[in-house]
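Fold and geometry: a report
For reference, the chains in residue letters:
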Amino acid sequence: MASNYDRPYHPTSKPSKPSLFPWKKPNVYTLPVVLFLCICSYFFGLWQHGGTSMPTFKLPCKSSNQIHPATTTSTTLDFSSHHTPNLTASTSSHSVKPEVYPPCDLKFSEYTPCEDAKRSLKFDRDRLIYRERHCPEKNELLKCRVPAPHGYKTVFSWPMSRDLAWYANVPHKELTVEKAVQNWIIYEGDRNRLRFPGGGTMFPNGADAYIDDIGKLINLKDGSIRTAIDTGCGVASWGAYLLSRNILTMSFAPRDTHVSQVQFALERGVPALIGVIASKRLPYPSRAFDMAHCSRCLIPWGQHDGVYLTEVDRVLRPGGYWILSGPPIRWQKYWKGWERTKEDLNAEQTSIEDVAKSLCWKKLVEKDDIAIWQKPNNHLTCQNNRKLGKSRNFCPANDPDKAWYTKLDTCLTPLPEVADNEQVAGGKLAKWPQRLNAIPPRINKGTVKGVTAEVFKQDSELWKKRVSYYKSVNNQLGNPGRYRNLLDMNAYLGGFAAALVDLPVWVMNVVPVDVKANTLGVIYERGLIGTYQNWCEAMSTYPRTYDLIHADSVFTLYADRCEMDDILLEMDRILRPEGSVIIRDDVDMLVKIKSIIDAMEWDSQIVDHEDGPQEREKLLFAVKKYWTAPAAPEDDETSS
């Protein structure tokens with residue numbers, strides 16, 4: 001007999017419920033017998049209460065065990081035997097109106113609201129401030145659905161997607177010309193696809209060989225390095241090839257003149273966000289990454305009193321590494337090819353060395369094109385150097401993890417205090433993969449509000465149970481290759497991502513800035529990655545970024561903060577065609593959500609909580625339908 005896992009997943013398929021008598025096999029007599037007993041019971045009850053009229057009977061429409069075929073587009077669940085949804089209940093900001101959400105114009109197919117090119121021109125170009133997040137006002141928000149380009153195809157499955165992408169999905173050839181000799185990207189016109197050979201500006205022979213060179217200088221194999229950040233990532237080949245070494249990289253770059261570097265990365269199935277170091281902190285907690293990297297990323301590290309390198313120090317873990325390749329490293333050998341003077345390159349390297357020393361970093365090695373520095377395990381020695389005037393001032397007491405529109409500082413973020421110079425500030429981390437389930441140091445030290453070691457263990461077990469239930473409803477979730485890029489909109493301790501760690505997926509764990517406890521540092525200490533986000537604003541990513549979006553209590557959290565349909569339209573923007581959504585929330589909230597996503601033309605189904613029908617919290621499973629923009633006239637083609 002086929003199990004639920006053998007059936008094709010469809011969002012409107014109602015999951016099978018366990019039999020009340022599992023030891024008995026169903027047979028052809030079961031339904032007549034049950035129906036006969038129900039009729040007898042009804043007449044007996046009617047006779048007891050003095051009923052005299054003959055009732056009219058209607059047979060049930062559907063069995064509770066029925067699985068709808070894949071062609072079904074809609075169905076209605078009956079909540080009457082569980083909880084009656086209060087359809088009149090609403091918050092001040094969430095009145096549900098019958099809306100229509102038409103497709104946006106084709107010109108919005110790559111719309112990234114908070115990095116819109118026209119809006120950015122209104123802001124200061126100094127220090128690239130114009131490339132930071134600048135989100136639209138409420139009256140500027142689009143109330144339409146961003147289209148996929150005509151000819152959009154389902155992305156290649158991982159790991160094939162690392163090397164290949166359909167040209168129709170990201171129709172840009174600029175990098176195939178500008179970076180042709182550096183093996184970034186190749187256009188294969190006969191197959192209408194793009195190939196990524198793994199090259200980069202400083203590693204034209206491939207990211208794998210480049211990473212091998214780094215591996216000769218520091219240990220990339222023992223599990224001590226798990227999380228990395230790549231500034232100015234290009235098409236993220238460095239992060240893509242680190243994945244085979246169990247190193248998870250947050251790659252970022254601004255939306256720039258090369259067009260769609262980050263979009264290419266995401267299309268490849270590599271973690272990435274649009275971002276820039278300018279005047280605001282990066283949206284990550286302190287002590288998040290084991291390794292930071294810049295390969296000719298063009299960031300002026302020595303300028304502005306070293307503010308950019310100081311920000312790298314904030315997000316770098318004690319004992320973590322900073323890797324720099326390209327100008328000005330080994331300028332004595334390469335200066336002619338870089339078309340810069342010796343004096344200019346020497347001054348740049350000297351300024352970088354001075355900033356690194358002021359941060360108390362130790363330079364480990366400089367070999368060929370690569371230089372590596374290491375952050376100290378604690379700040380005891382640095383504090384002594386400060387007294388001698390050899391290091392920069394420590395920041396006054398503030399929250400080092402606060403990083404949403406938080407201004408950059410040139411002061412040094414102090415590490416947690418230690419008793420002696422042998423201790424690791426904040427606590428020593430386990431090596432990967434033990435790190436995933438070990439009690440994170442932030443929890444052990446009681447610095448996360450309301451989270452104890454016992455709470456952490458219970459949460460981990462809870463999400464194993466929940467994800468197992470998800471797989472029973474959506475049998476594709478456990479099918480390697482169906483999903484690659486996942487988003488958890490309210491990640492808490494990262495339990496959802498941790499429960500999926502054995503699948504070939506990665507999860508962007510979001511900690512909303514509106515939650516009471518900032519848990520993103522815990523997520524990074526588990527060896528996972530994520531970012532901060534206010535869901536009343538758009539995410540710093542391209543359309544069609546994610547294959548699956550998980551939203552636990554997000555709409556309850558934002559009930560009085562912004563409009564529900566704006567959040568759902570943002571989810572629609574960043575979800576790929578035929579991508580899936582899982583939303584957990586109160587049944588009344590889900591009924592409102594379903595009315596909106598029906599208007600967005602998603603297929604959806606509300607199902608019971610994993611603990612049974614008596615729970616008010618329910619689950620909404622949905623799939624975004626496949627649709628694209630119409631074909632543009634040939635003479636209007638501008639993207640190629």
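Above this note sits the structure.
Residues numbered from 1 in each chain as written. Predicted model: local features only at pLDDT ≥ 70, side-chain atom pairs only at ≥ 80, totals over all residues. Heavy atoms only, no water.

1. Points about the sheet that holds strand β5 (residues 248-253)
The condition is simple: Any two strands with at least two DSSP bridges between them are considered paired. Strands here are runs of E lasting at least two residues and helices are runs of H or I lasting at least four, both read from the DSSP assignment and numbered beginning at the N terminus. In this analysis an axis means a line fitted to C-alpha atoms, helices contributing only their contacting stretch, and an angle means the value between N-to-C directions, from 0 to 180 degrees.
The mixed open sheet is built from seven strands, whose spatial order is β6-β5-β4-β7-β8-β10-β9. Single-partner strands in this sheet number two, and they are β6 (272-274) and β9 (362-367). Across this sheet, the average inter-strand angle for adjacent strands is 20°, counted without regard to direction. Note that strand β7 (residues 289-295) and strand β8 (residues 316-325) share six bridges and pair parallel. Paired with His293 across the two strands is Ile323, which belongs to β8.

2. Comments concerning the sheet that holds strand β2 (residues 186-188)
Taken in spatial order, the three strands of this open sheet run β1-β3-β2, and their pairing is antiparallel. The open sheet has two edge strands, β1 (164-166) and β2, and neither has a second partner. Direction aside, neighbouring strands of the sheet carry axes that sit 30° apart on average. Alignment of β2 against strand β3 (residues 193-195), held across three bridges, turns out to be antiparallel. Residue pairing for β3: Glu188 is matched across the bridge by Arg193.

3. Here's the deal with the state of the cysteines
A covalent bond between the sulfur atoms of two cysteines is what we call a disulfide. Going by this rule: In what follows, a disulfide is any cysteine sulfur pair within 2.5 Å.
Inspection of every chain in the model, using the stated rule, returns six disulfides. Look at the chain and number its bonded cysteines as they come in the sequence; the links are 1-4, 2-3, 5-6, 7-8, 9-10, 11-12.

4. A look at unusual backbone geometry
The residue after Pro327, namely Pro328, is reached through a cis peptide bond having omega 10°. By secondary structure assignment, the location of Pro328 is in the loop between β8 and α8 (331-334). Trp432 connects to Pro433 through a cis peptide bond whose omega is 10°. Tracing the backbone shows Pro433 in the loop between α10 (380-387) and α11 (441-444). Notably, Arg127 is not glycine yet its phi reads approximately 55°, a positive angle. Checked against the element boundaries, Arg127 lands in the loop between α2 (117-120) and β1. With phi around 65°, Arg544 is a residue other than glycine that occupies positive phi space. As for its placement among the helices and strands, Arg544 is situated in the loop between β13 (530-533) and β14 (546-552).

5. Things to note about the pairing of strand β12 (residues 506-512)
Heads up, the condition is: Throughout this description, buried means an accessible area under 20% of the type-specific maximum (1.4 Å probe, protein chains only), exposed means over 50%, and partly exposed covers the range between. For crossovers, right-handed means that the path from the first strand over the helix to the second runs clockwise, given strands pointing away from the viewer.
Burial within β12 is extensive, with seven of its seven residues counted as buried. Where burial is concerned, the two faces of β12 agree: the one with Trp506, Met508, Val510 and Pro512 and the one with Val507, Asn509 and Val511 are both buried. As paired strands, strand β11 (residues 485-488) and β12 are joined by four bridges and run parallel to one another. Paired with Leu487 across the bridge in β12 is Met508. Taken together, the four bridges between β12 and β13 define a ladder with parallel strand orientation. When the sheet's bridge partners are listed, Asn509 is paired in β13 with Gly530. A crossover links β12 with its parallel partner β13, the connecting element being helix α14 (residues 520-525), and its sense is right-handed.

6. So, the environment of Ala517
For clarity, the cut-off: Residue contacts are defined here by distance: any two heavy atoms, one from each residue, within 4.5 Å place the two residues in contact.
Within the element layout of this structure, Ala517 appears in the loop between β12 and α14. Those residues in contact with Ala517, other than ones at most four positions away along the chain, are Lys449 and Val511.

7. Concerning the pairing of β7
Across the seven residues of β7, seven count as buried, placing the element largely inside the fold. Taken together, the three bridges between strand β4 (residues 227-231) and β7 define a ladder with parallel strand orientation. Bridge pairing links Asp230 to His293 in β7.

8. Observations regarding helix α16 (residues 564-574)
α16 sits mainly inside the fold: 11 of its 11 residues count as buried. Of all the positions in α16, only Met564, Asp565, Asp566, Ile567, Leu568, Leu569, Glu570, Met571, Asp572, Arg573 and Ile574 are classed as buried.

9. Structural notes on the pattern of salt bridges
How we decide: What makes a salt bridge here is a side-chain nitrogen of Lys or Arg within 4 Å of a carboxyl oxygen of Asp or Glu, nothing more.
Considering all chains together, one arrives at 40 salt bridges under this definition. We note a salt bridge from Asp290 to Arg435, for which the minimum N-O separation is 3.0 Å. Of this pair, Asp290 sits in strand β7 while Arg435 sits in the loop between α10 and α11, and the two are 145 residues apart along the sequence. Taking the shortest distance from any N to any O, the salt bridge between Arg442 and Asp401 comes out at 3.4 Å. Note that Arg442 is positioned in helix α11 and Asp401 in the loop between α10 and α11, a separation of 41 residues in sequence.

10. Observations regarding helix α7 (residues 307-315)
Across the nine residues that make up α7, a large majority, nine, are buried. Taken as a whole, α7 has its buried residues at Val307, Tyr308, Leu309, Thr310, Glu311, Val312, Asp313, Arg314 and Val315. Contacts made by the buried residues of α7 are with β7, β8 and α9 (342-358).

11. Brief notes about the packing of aromatic side chains
Rule in force here: Each aromatic pair joins two rings of Phe, Tyr and Trp (for Trp, the six-membered one) with centres within 6.5 Å, and gets the label stacked for planes under 30 degrees apart, edge-to-face for over 60, and tilted for any other angle.
A complete count under the given rule lists 15 aromatic pairs for this structure. Seen in terms of ring centroids, Phe196 and Phe264 are 5.8 Å apart; in terms of plane orientation they differ by 65°. Their pairing is edge-to-face. Here Phe196, found in the loop between β3 and α4 (207-215), pairs with Phe264, found in helix α6 (residues 261-267); they are 68 residues apart in sequence, far enough to count as distant. Here Phe196 falls in the buried class, since its relative accessible area comes to 1%. For Phe264, a relative accessible area of 1% puts it in the buried group. Both rings, one in Trp404 and one in Tyr405, keep their centres 5.1 Å apart while their planes meet at 65°; by these two values the pair is edge-to-face.

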